[in-house]
Amino acid sequence: MGLVKLHKVLMIAAENDVLPNGKVGGVGDVVRDVPLELANQGHCVDVITPSYGFHANDNPSTLNLSFDIEFSGKIEKIDLYKLNLKNTQKVNHWVIESDVFALYGSGIYFDDGHQRPFASDATKFALFCAALAELLVTHWQDRFSVVHLHDWHAAILAILREFEPKYHGLKKLPFVYTIHNLALQGIRPFEKDPSSLNSWFPALNYQLEKIQDPRYQNCFNPVRAGINLSDKVHVVSPTYAKEILQPSNHEIGFIGGEGLENDLRNASIDNRLKGIINGCDYTTAAVTKLDLSTFYKKVENTLRENIEDVELKAKTTDTIKSKTHRLAFEKIKLWQTLPNNGPLLTSVGRVTSQKVSLLVEPKDDLWVLDSLLKEITRFDGRFILLGSGDGKLESQLTQVMSRHNNFLFLNGYWQPLSDQLYQLGDLFIMPSSFEPCGISQMIAMRFGQPCLVHDIGGLHDTVKHLESGFSFKGDDIASQSQALIDTLSLALDMNKNKKSQWQKIKRNALAQRFDWQSSVEQYVSQLYN
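S.K.: Is there a simple way to explain the pairing of strand β3 (residues 61-71) in this structure?
M.R.: Look at any regular strand and the pattern is simple: side chains alternate between the two faces of the sheet. Inspection of the sheet shows β3 paired to strand β4 (residues 74-83) by 10 bridges, in the antiparallel sense. By the bridge assignment for β4, Ser-61 is matched with Leu-83. From the end of β3 to the start of β4, which pair antiparallel, there are two residues, and Ser-72 there has a positive phi angle of about 55°.

Right, here's the structure in full:
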């Protein structure tokens with residue numbers, strides 16, 4: 001085996017879980033883990049995100065330099081901070097600060113609602129990319145051998161490299177583009193809106209055919225631009241890399257290329273599209289596992305604190321969140337008074353259409369989740385789902401909780417509780433409508449909890465039916481729903497009546513390894529070289 005070429009990599013992303021409050025979804029985990037593993041393998045790595053008005057202020061940091069850029073017809077001052085965090089010496093972590101970021105709240109993302117989707121975030125990330133383009137041709141010229149863009153938030157940098165003459169020098173620098181979530185594409189108008197390509201860069205002479213959204217002709221699509229204007233395109237599992245070459249068919253429950261299948265197919269033909277599975281951290285020490293009664297008490301205390309917090313901030317008890325917490329609070333108190341020797345089913349994740357829409361599909365005058373809970377009742381089991389996200393879906397889960405004594409919906413994200421659920425559960429439920437990779441199933445398996453998953457994307461690549469877990473599939477939503485119910489019944493029956501087979505699946509789940517070392521080696525060989 002020959003020597004591996006060592007690289008100087010710049011990672012550009014919206015999230016970075018190395019930073020406190022620096023993550024919303026899975027991209028934050030990847031941007032936390034991949035740079036460190038690259039550094040462990042001898043590469044030099046820098047990671048940069050926007051500061052969002054708090055990263056630079058809330059963390060030990062050093063102002064490295066300040067410079068001006070032209071953006072939206074104004075001169076904007078940009079400050080570059082290097083973060084001085086403990087235990088991150090192998091990787092350089094940077095944030096870019098601007099007064100513009102303060103206009104859009106104190107979080108990573110801003111919800112403009114359905115009338116102007118992505119408007120505030122797109123402006124924020126367009127400024128971020130403009131600052132990076134200037135930085136890379138001036139102060140950071142010749143510093144890197146690879147630029148690695150993550151999701152739509154970083155893709156505008158590829159547009160500037162391609163169409164802005166003063167940044168054409170960046171074309172000698174390989175650009176890698178990773179898609180973590182093809183469902184979020186950051187689509188904005190070309191013109192006639194403050195949050196549009198022409199408003200941000202009025203002199204930019206772009207070509208439509210590589211960046212125009214295929215469905216909305218008056219809009220540009222950052223993800224399409226990232227696919228067409230980058231040297232390599234990466235998605236986060238091999239099976240998902242095949243699925244996205246086909247058009248989506250939402251009516252039958254198939255989520256594929258989401259309008260970009262032709263561009264992705266061309267990238268595949270050109271050998272630019274690569275599917276590499278995400279890894280999981282197996283070095284993190286496990287949180288001490290609680291017994292179930294102690295865990296229930298911890299849930300009760302967490303809910304009590306959050307009820308008080310929500311009602312104090314809202315100055316009323318009449319809020320949806322408050323009602324959900326109160327219902328869960330009464331449920332967990334009830335559970336502590338009733339003996340239960342049945343299996344505990346768990347689910348941890350965002351409450352989004354991707355993750356839970358199959359659970360609220362119509363079934364027997366109610367929803368699929370109602371049928372699942374009736375099946376769980378046959379085995380004296382309980383089901384805890386922890387997560388937050390879409391308000392309508394949260395309301396639907398709350399309605400189901402009100403109908404079934406064996407279902408607890410914890411409407412929030414509390415790390416200590418999720419850590420325990422991964423360890424305490426007997427069966428982890430992950431019925432995603434699509435799944436580029438998935439991390440929750442890997443974490444559950446890391447603790448020996450078998451998973452019941454939809455046989456798609458990264459779930460297909462990580463869970464093997466009747467070997468390391470359980471999987472279901474169907475040709476349309478109705479058959480998927482029934483397959484989910486049938487497979488749950490199979491799993492619960494095995495848990496109760498086929499102990500040796502169940503224990504074998506548990507052992508196999510525990511033995512699975514999806515380590516970052518091998519994934520990052522593929523990054524280097526398939527994406528960077």
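Back to the text.
S.K.: In this structure, what is going on with the packing of aromatic side chains? I would like to understand it.
M.R.: Pairs of aromatic rings are described using the distance from one ring centre to the other and the angle between the two planes. Scanning the entire structure with this criterion turns up 18 aromatic pairs. Pairing Trp-94 with Trp-140 gives two aromatic rings, centres 5.1 Å apart and planes at 70°, and the pair type is edge-to-face. Pair noted here: Trp-94 is in strand β5 (residues 92-97) and Trp-140 is in the loop between α3 (119-137) and β6 (146-150), with a separation of 46 residues, a long-range link. Trp-94 sits in the buried class, given a relative accessible area of 4%. Classification of Trp-140 as buried rests on a relative accessible area of 3%. Seen in terms of ring centroids, Tyr-523 and Tyr-528 are 6.4 Å apart; in terms of plane orientation they differ by 90°. Their pairing is edge-to-face. Judged by its relative accessible area of 0%, Tyr-523 is buried.

S.K.: Please explain the sheet that holds strand β16 (residues 407-411) as it appears in this structure.
M.R.: Note on sheets: strands pair through backbone hydrogen bonds, and any given pair is parallel or antiparallel. Reading across from one edge, β16-β15-β12-β17-β18-β19 is the order of the six strands in this open sheet, with parallel pairing throughout. Single-partner strands in this sheet number two, and they are β16 and β19 (470-472). Put simply, the sheet's adjacent strands are angled 20° from each other on average, direction ignored. Two strands pair when backbone bridges link them, and strand β12 (residues 344-348) and strand β15 (residues 382-387) are joined in this way by five bridges, in the parallel orientation. Residue pairing in the sheet places Ser-347 in a bridge with Leu-385 of β15. Relative to β15, helix α12 (residues 368-378) is tilted by about 140°, and along the sheet it contacts β12, β15 and β16.

Thresholds applied
- Residues numbered from 1 in each chain as written.
- Predicted model: local features only at pLDDT ≥ 70, side-chain atom pairs only at ≥ 80, totals over all residues.
- Heavy atoms only, no water.
- Pairing = 2+ DSSP bridges.
- Helix = DSSP H or I, 4+ residues; strand = E, 2+ residues; numbered from the N terminus.
- Phe/Tyr/Trp six-rings, centres within 6.5 Å; stacked < 30°, edge-to-face > 60°.
- Buried < 20%, exposed > 50% of the residue type's maximum accessible area, 1.4 Å probe, protein only.
- Axes fitted to C-alpha atoms, helices over the stretch in contact; angles between N-to-C directions.
- Contact = heavy atoms within 4.5 Å.

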